[in-house]
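# Per-entry structural report
Okay, here's what each chain looks like letter by letter:
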Amino acid sequence: MEDNTTENPFKFTAQQLSELVDPKNPELLQKYGGLEGIANALKVDVKTGLPISKEGENPFADREAVFGRNVLPETKSKSLLELMWIALHDKIMIILSIAAIVSLSIGLYEDFGPGSENNDEPKVHWIEGVAILISVFIVITAGSVNDYQKEKQFRALNAKKDDRKVKALRGGESVMISVFDVQVGDVLLLEPGDMLCADGIFIQGHNLKCDESAATGESDTIEKAHDKDQFILSGSKVTEGVGSFLVTAVGTNSFHGKTMMSLRTEDEDTPLQVKLNALAEKIAVIGTAAAVLMFIILIIKYIYKLCTTNNPDDKKFPVVLGEVVKIFISAITVVVVAVPEGLPLAVTLALAFATTRMLKDNNLVRVLNACETMGGATTVCSDKTGTLTQNKMTVVKGVAGRYFGFEGPEQIARLADDLRNIKGKTDPSNKEIKDGAELLDVLVEGISINSTAFEGETDDGKVDFIGSKSETALLGMTKAMGIDYRSYRDNKCYQTVQVYPFSSAKKSMATLIKVDRSAKGTGTGSFYRIHVKGASEIVLRYSTKALLLPEGGFKFQGKTKAPELPTIVPLTKALAEDYNNNIIERFANESLRTFSLAYLVDELPEIPNLTDDEILSHNAALTEIGNKNLTFMSLVGIEDPVRPGVPEAVATCRNAGVVVRMVTGDNINTARAIATKCGIYTQGGIAMEGPKFRTLTEEEMDEILPRLQVLARSSPTDKQILVGRLKYLGETVAVTGDGTNDGPALKMADVGFSMGIAGTEVAKEASSIILMDDNFSSIVKALLWGRSVNDSVKKFLQFQLTVNITAVIVTFISAIFDGENGSALTAVQLLWVNLIMDTLAALALATEKPTQDMLLRPPENKRSPLITHTMWKMIISEALFQVIINFALLFAGPYIFEHCDIVKKNFDDQKLRLKTMVFNTFVFLQIFNEVNCRRIDNRLNIFAGIHRNAYFICIFLFICIAQFLIVTFGGNAFKTVPLTVGQWAICILLGAVSIPLGMFIRMIPDSVFSACLPKAPAAAEPVDFTQPLPDFLQPTPVRTNTSFSMSSSIRRKGIAQRNWDIALGGTLFGALHGGRSQRAMNSSSNLRVQTSATGDLNGRVASFAANRAMTAPAPAVFNAKQAWKVAMVGVERQRRENNEV
């Protein structure tokens, strides 16, 4: 421990105290001197707390200087202009902007430059540059406004929820203070329902239990006591009891604060963005190369013309300069034509359309690009509590009277009616339960009165049961049966005499009540009844009798025989074993928490003879009750049930090639059972615990990850390591979660899903998509829409590249062969083709609705090309066909139509008419090819679902009508002349050939074209679940001199270096989550981990730069300098700890 007394008036630093709870470290607490040692170091008396601050004074300045305030530093929100500037840095946007500026400059020169006054052409050359700039502006504005609005809404939401009052002990008095004023050294008082705002150490309390599921994923409530868990975790909630604790960490040093700070990272590029950027670079290179080649050819042609001309005027400088400029303009036109200006708009439109529709499917998309990223998801790492399950303990099955079983919501709902229908003997002398109706009465009486839970309003304003999870589950069962617990608890015929609260030692609770028969209407006089509930094995031990009912409902087979009528029999050894072997063990194997109910009827006119000491001492009172003749009545199984639709959603994900993994803080048995019910854990899969997982080497992780299906007892760091390693291996990772503990992994994932109802604000802030209905099955809809977005972009890309390749080749060749160096397509015609048509086509193809067929194919690999071999086959074939048709019309048109009576009589201006037909045919080739591009696979039915897309039909008709008006009335602006009916028929028929040609092309095997195209990445090998588990997962004794020992690891080539990578990776992830040291991360002192902490500094630097601490090769969340700085802080701390050890 460092000596900080020269600068620090307290004995400990903020970092040293924060390591007490992250993770919980009892050994370190003992080392610091326990509660008393820490209180002395913080200069506070736990009985009186810190002094009361006077108005205008700040007696806590020293504390705030050392430990900080209980606030998080505000993040500077980006303005709309900043977001637009960031969006403008996209490579396609840069290329489009450059092309627009060049096109605008040249257009202005052509329209208003020297000699333009003698030109009769309309001054419209500047329009294309302006139109491209408008397109760029629309794209960057749409995305930026969406991000700005979402960020503004979330900031406003968080500002309202952050500030609240808490109860503190100051100057020996209980006072209410703001959470922002809580100091390290404060003594805070706890009551049920309190949300903990700081970390600390338990001081004192009674039956204090905290729900840490939001912070750690642990579904069970954690009891706080000196001999149990002493650590109070910020972000958790008090569910039972009262108590007090000493604050040891606030603000950015607390567990909650570290989690929030770890979420403040920069977003990475999505897989589609990476591919589009790469495509933009290639298009820019190819377009520039074509423009340079065209410029060189035309210059050589012009020089040859100058050398052979006899006209001296043609050699004058102004004339030569004008021709050179004209050639340069033609060359630049090729670049403008090559750039797919409609592509960014298509992506934006597809995303905007998908996110709007996804909201109807209960998916609120916070980050626009997350939608398309989800389309390529290969694995989903899902939290258990609150995501796959309902985060609400529920009675799912049980028995009443041993042989009357019930299982599932439907049987529980009709349980009351079923029990009432069980008839028994009519014997007035029988003081015990006579029939099913009386059993039902006693059963509900015990559940309702022998309980501290109640129904009230929760933090989110909803009415629900509040209290321990087991008691709320039992009350929930009575509600499901159609019975209101208050009709018993508030009934005047019941008088609660004494309550014996739950005792952890006896694992049971009892309530003594007095029942007034006359008030109840069952006779005269009164009697006492004791209700007992608790762990099944304990209640069985208390009981000497058992109630048996006739067989009914769900049958739980056993060795004993059911009676014909309700009866009470002695609880024999055989009957007790029957309960144990056939009910309790069966429920336990299904990871159900068993709870039993018993009762005792005492006809004494007075309260049973219990001394005051026995009444006040819970254990003694329960022992006294246990000595009585309890009647064992009912046994129920409680669990956090799987959400409806989850197994079906998991099966759908599996069919779509998406692996679902459960990552939870719960114990491995419960996790495995729930995963099996969800369909996640299958035969041959691997379920392991976080402490074991985090000690694996990289090679071991890579070996088990394909088969890893359940990761239990995982810390937030384990989740980050898992996500980081999966991303490093090229997976596109989606993470779901609802708790604070899920925040770092949600942020690190490619797509983070949080729960809109049960999710914490930390989880929502970290996520990119919020599931508004908290249903895991909504992820399937997000997956479907994500794939639809990717398909829409590919459809448009297939259409766009066909247009651009054809336009570039036609422009290039026609300009070279034209005597005046002019293109077959004018600038204004290209404006219509390249901008207006492309924009409308983007809208038409981006609004295609998804089909279920999209979930029957595997996801695309991050390394797979954006344009598949099937798409290239269609692009190249259609472009070649279009080029041939256009050149045939342009160069062979006069000969083809020479003897054609339909067109011959109107061929007065043959060249202009031919160019009009070329332009018209070119447009109709694209119109019909747009229909052809509705499919990007080899299926022949391109019209499937077209009647459901009103956008597509309307745009198709609009383009046809607009083309007719342009050709007929375009005149000088578009350089067209009206065509005859025959000429129109020829243009439309030639364009329509694209559809049957596309069908023919689809029938050609892809392998014919694959030989000429770049080789696609090999598909991943299917996982073999029949192989035996690796040796390092086999349960073997602890090894000393093995490959995991220090000496052996040095002998293995490179293993020390790899171990250092893992240690450094853990340190980096730990720093993200708040400085978790590698030693503290491990449940025991492991030689392998200690070995990784000893190495050469130069080796570490090289290793870190090479491996980026197990994050994906894509741009990391930190740059190298920041990441190294963060990592070295953890390394230095680890050195100190190793020296201390």
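Since the structure is predicted, the reported quantities are computational estimates derived from the model, not experimental observations.

Rules and cut-offs
- Position numbers for residues count from 1 along each chain, tracking the sequence in the order it is written.
- Two thresholds apply to this predicted model, a pLDDT of at least 70 for residue-level local features and 80 or more for giving and counting side-chain atom pairs, whereas whole-chain, interface and lining totals are computed over all residues.
- Hydrogens and waters are ignored; side-chain quantities use all the structure's heavy atoms.
- Helical segments are the DSSP runs of H or I of at least four residues, strand segments are the runs of E of at least two, and each set is numbered from the N terminus.
- Only protein chains enter the calculation, and the probe is 1.4 Å; a residue is then buried if its accessible area is under 20% of its type maximum, exposed if over 50%, and partly exposed in between.
- Note that accessible areas follow from Shrake-Rupley with a 1.4 Å probe, and for residues the cover is restricted to the protein chains shown.
- Note on aromatic pairs: the rings of Phe, Tyr and Trp (six-membered ring only in Trp) are paired at centre separations within 6.5 Å, and the planes decide the class, stacked below 30 degrees, edge-to-face beyond 60, tilted for the rest.
- Placement of a charge over a ring requires the Lys NZ or Arg CZ to be within 6 Å of the ring centre, with the centre-to-atom vector within 35 degrees of the ring normal.
- It only takes one pair of heavy atoms within 4.5 Å for two residues to be counted as in contact.
- Whenever a nitrogen or oxygen atom comes within 3.5 Å of another N or O atom, the pair is scored as a polar contact, on the condition that within protein one atom can donate a hydrogen and the other can accept it, and that pairs from neighbouring residues in sequence are kept only if both atoms are in side chains.
- We count a salt bridge whenever a side-chain nitrogen from Lys or Arg sits within 4 Å of a carboxyl oxygen from Asp or Glu.
- Any two strands with at least two DSSP bridges between them are considered paired.
- Note on geometry: axes are lines fitted to C-alpha atoms, helical ones only across the stretch in contact, with angles between N-to-C directions running from 0 to 180 degrees.
- Known as pLDDT, the predictor's per-residue confidence is scaled from 0 to 100.
- Helix crossings are classified by the rotation of the near helix relative to the far one: an anticlockwise turn of less than a right angle makes the crossing left-handed, while a clockwise turn makes it right-handed.
- Note that Gly is not counted as nonpolar here; it falls among the polar residues with everything else outside the nonpolar set of Ala, Val, Leu, Ile, Met, Phe, Trp, Tyr, Cys and Pro and the charged set of Asp, Glu, Lys and Arg.
- Take the buried residues of types Ala, Val, Leu, Ile, Met, Phe, Trp, Tyr and Cys, join any two whose side-chain atoms come within 4.5 Å, and each joined set is a nonpolar core.
- Either an automatic procedure or a domain database provided the assignment from which the domain bounds are taken.
- Helix span is expected to be 1.5 Å times the residue number reduced by one.
- Here a patch means residues that are over 30% exposed by relative accessible area and free of salt bridges, tied together within 9 Å if like-charged and within 5 Å if nonpolar (Val, Leu, Ile, Met, Phe, Trp, Tyr).

### Some remarks on the overall build of the protein
When its secondary structure is counted, the protein shows 47 helices and 27 strands. Counting the 1141 residues in the protein, one finds 53% classified as buried. Surface accessibility of the protein: about 49700 Å² in total, with carbon and sulfur atoms responsible for 58%.

### Remarks on the packing of aromatic side chains
Counted under the stated rule, the structure contains 12 aromatic pairs. Ring centres of phenylalanine 353 and tryptophan 785 lie 6.0 Å apart, and the angle between their planes is 70°; on these two criteria the pair is classed as edge-to-face. Taken together, the residues span a long stretch of sequence, with phenylalanine 353 in helix 12 (residues 342-360) and tryptophan 785 in helix 32 (residues 778-817) at a distance of 432 residues. Here phenylalanine 964 and tryptophan 984 contribute two aromatic rings whose centre-to-centre distance is 5.5 Å and whose plane-to-plane angle is 40°, an arrangement assigned as tilted. Taken together, the residues span a long stretch of sequence, with phenylalanine 964 in helix 37 (residues 950-969) and tryptophan 984 in helix 39 (residues 981-992) at a distance of 20 residues. Taking relative accessible area as the criterion, tryptophan 984 reaches 11% and is therefore assigned buried. The positively charged end of lysine 43 is found above the aromatic ring belonging to phenylalanine 10, 5.5 Å away from the centroid.

### As for the environment of tryptophan 126
Residue position: tryptophan 126 is located in the loop between helix 6 (91-112) and helix 7 (127-162). Taking relative accessible area as the criterion, tryptophan 126 reaches 31% and is therefore assigned partly exposed. Sequence separation of tryptophan 126 and valine 828 is 702 residues, and the distance between their C-alpha atoms is 9.6 Å. Ignoring sequence-local partners within four residues, the contact set of tryptophan 126 consists of Leu104, Gly107, Leu108, Asp111 and Phe112.

### Topic: the side chain of lysine 384
Looking at the element boundaries, lysine 384 is found in helix 14 (residues 384-388). What makes lysine 384 buried here is its relative accessible area of 1%. A distance of 3.1 Å separates polar atoms of two side chains, one belonging to lysine 384 and the other to aspartate 666.

### Section: the environment of isoleucine 1004
Within the secondary structure, isoleucine 1004 sits in the loop between helix 40 (994-1003) and helix 41 (1006-1010). Taking C-alpha positions, isoleucine 1004 is 8.8 Å from lysine 873, a pair spaced 131 residues apart along the chain. Every residue in contact with isoleucine 1004, bar those within four places of it in the chain, is listed here: Lys873 and Phe1009.

### Quick notes on the environment of alanine 763
Here alanine 763 is to be found in helix 31 (residues 761-766). Between the C-alpha atom of alanine 763 and that of glycine 743, which follows or precedes it by 20 residues, the distance is 4.9 Å. Excluding anything up to four places from it in sequence, alanine 763 contacts Gly737, Asp738, Gly739, Leu746 and Ser754.

### Digging into the pattern of salt bridges
All told, the structure shown has 34 salt bridges when counted by the stated rule. The shortest N-O distance in the salt bridge between glutamate 445 and arginine 529 comes to 2.6 Å. Of this pair, glutamate 445 sits in helix 17 (residues 436-449) while arginine 529 sits in strand 16 (residues 526-535); the two residues are 84 residues apart in sequence, bridging distant segments of the chain. Overall, the relative accessible area of 7% leaves arginine 529 in the buried class. One continuous salt-bridge network, built from bridges that share partners, spans Lys24, Glu212, Lys224 and Asp229.

### What to know about the sheet that holds strand 9 (residues 379-382)
Here eight strands make up an open sheet; going across it, the order is 8-27-26-25-9-22-24-23 and the pairing mixed. Here the strands that pair on one side only, and so sit at the sheet edges, are strand 8 (363-365) and strand 23 (686-689). Shown here is a sheet whose adjacent strand axes are inclined to one another by a mean of 20°, direction ignored. Pairing between strand 9 and strand 22 (residues 659-663): four bridges, direction parallel. When the bridges of strand 22 are listed, valine 380 appears paired with valine 660. The strands touched by helix 26 (residues 668-678) are strand 22, strand 23 and strand 24 (708-712); relative to strand 24, the strand with the most contacts, the crossing angle is about 140°. Across the sheet, helix 29 (residues 716-728) is in contact with strand 9, strand 22, strand 24 and strand 25 (733-737); its angle to strand 25 comes to roughly 160°.

### Points about the confidence of the model for the protein
Residues at a pLDDT of 70 or more form 76% of the protein, whose mean pLDDT is 76. In this model, residues 1-6 is a region of pLDDT below 50 whose contacts with residues beyond four sequence positions or in other chains number eight contacts.

### Examining helix 26
Those residues of helix 26 that sit buried are Ile668, Thr670, Ala671, Ala673, Ile674, Ala675 and Cys678. Contacts from the buried residues of helix 26 go to helix 14, strand 21 (630-639), helix 25 (646-655), strand 22, strand 23 and strand 24. The backbone nitrogen of asparagine 669 has a side-chain oxygen 3.1 Å away, supplied by the residue at the start of helix 26, namely asparagine 667.

### Observations concerning the packing of helix 32 against helix 34 (residues 869-896)
Viewed as axis vectors pointing N to C, helix 32 and helix 34 meet at an angle of 35°, and their least axial separation amounts to 9 Å. The way helix 32 lies across helix 34 gives a crossing that is right-handed. Contacts between helix 32 and helix 34 involve Lys794, Gln798, Leu801, Thr802, Ile805, Thr806, Ile809, Val810, Ile813, Ser814 and Phe817 on the former and, on the latter, Met871, Met874, Ile875, Glu878, Ala879, Gln882, Val883, Asn886, Phe887, Leu890 and Phe891. Classifying every residue of the contact of helix 32 with helix 34 by side-chain character gives 14 nonpolar, six polar and two charged.

### A look at the nonpolar core
The biggest cluster of nonpolar side chains holds 125 residues, and the ones touching the most others in it are Met374, Phe753, Phe776 and Trp832. Per element, the largest residue contribution to this core is 19 residues, and it comes from helix 32. The residue makeup of this core includes at least three contributed by each of domain 2 (339-352 + 790-1011) and domain 3 (363-389 + 642-774). Residues Phe12, Leu28, Ile38 and Val184 belong to the second largest nonpolar core, which totals 45 residues.

### A short note on unusual backbone geometry
The phi angle of most residues is negative, glycine excepted, and most peptide bonds adopt the trans form. Notably, arginine 713 is not glycine yet its phi reads approximately 50°, a positive angle. For arginine 713, the location among the structural elements is in the loop between strand 24 and helix 29. At aspartate 774, a residue that is not glycine, the phi angle is positive and equals roughly 55°. Its location among the elements puts aspartate 774 in the loop between strand 27 (769-771) and helix 32. Residue aspartate 774 is classed as buried on the basis of its relative accessible area, which comes to 2%.

### Quick look at the pairing of strand 15 (residues 508-516)
Across the nine residues of strand 15, seven count as buried, placing the element largely inside the fold. Direction of pairing for strand 15 relative to strand 16: antiparallel, over a ladder of nine bridges. In the strand pairing of strand 16, alanine 510 is matched with valine 532.

### Points about helix 39
Between its first and last C-alpha atoms helix 39 spans 16 Å; for 12 residues at 1.5 Å apiece the expected length is 16 Å, and the two agree. The complete set of buried residues in helix 39 reads Gly982, Gln983, Trp984, Cys987 and Gly991.

### Some remarks on the side chain of glutamate 445
In this structure glutamate 445 comes out as buried when scored by relative accessible area, which is 0%. A polar contact is formed between the side chain of glutamate 445 and the side chain of tyrosine 494, at a distance of 3.0 Å. The residues contacting glutamate 445, other than those within four sequence positions of it, are Asn450, Tyr488, Tyr494, Ile513, Lys520, Arg529 and His531.

### Concerning a nonpolar patch on the surface
Taken together, Ile953, Leu957, Ile961, Phe964, Leu965 and Phe969 make up a surface patch of nonpolar side chains, about 600 Å² in accessible area. Summarising the element assignment, leucine 957 is placed in helix 37. Assessed through its relative accessible area of 47%, leucine 957 is described here as partly exposed.

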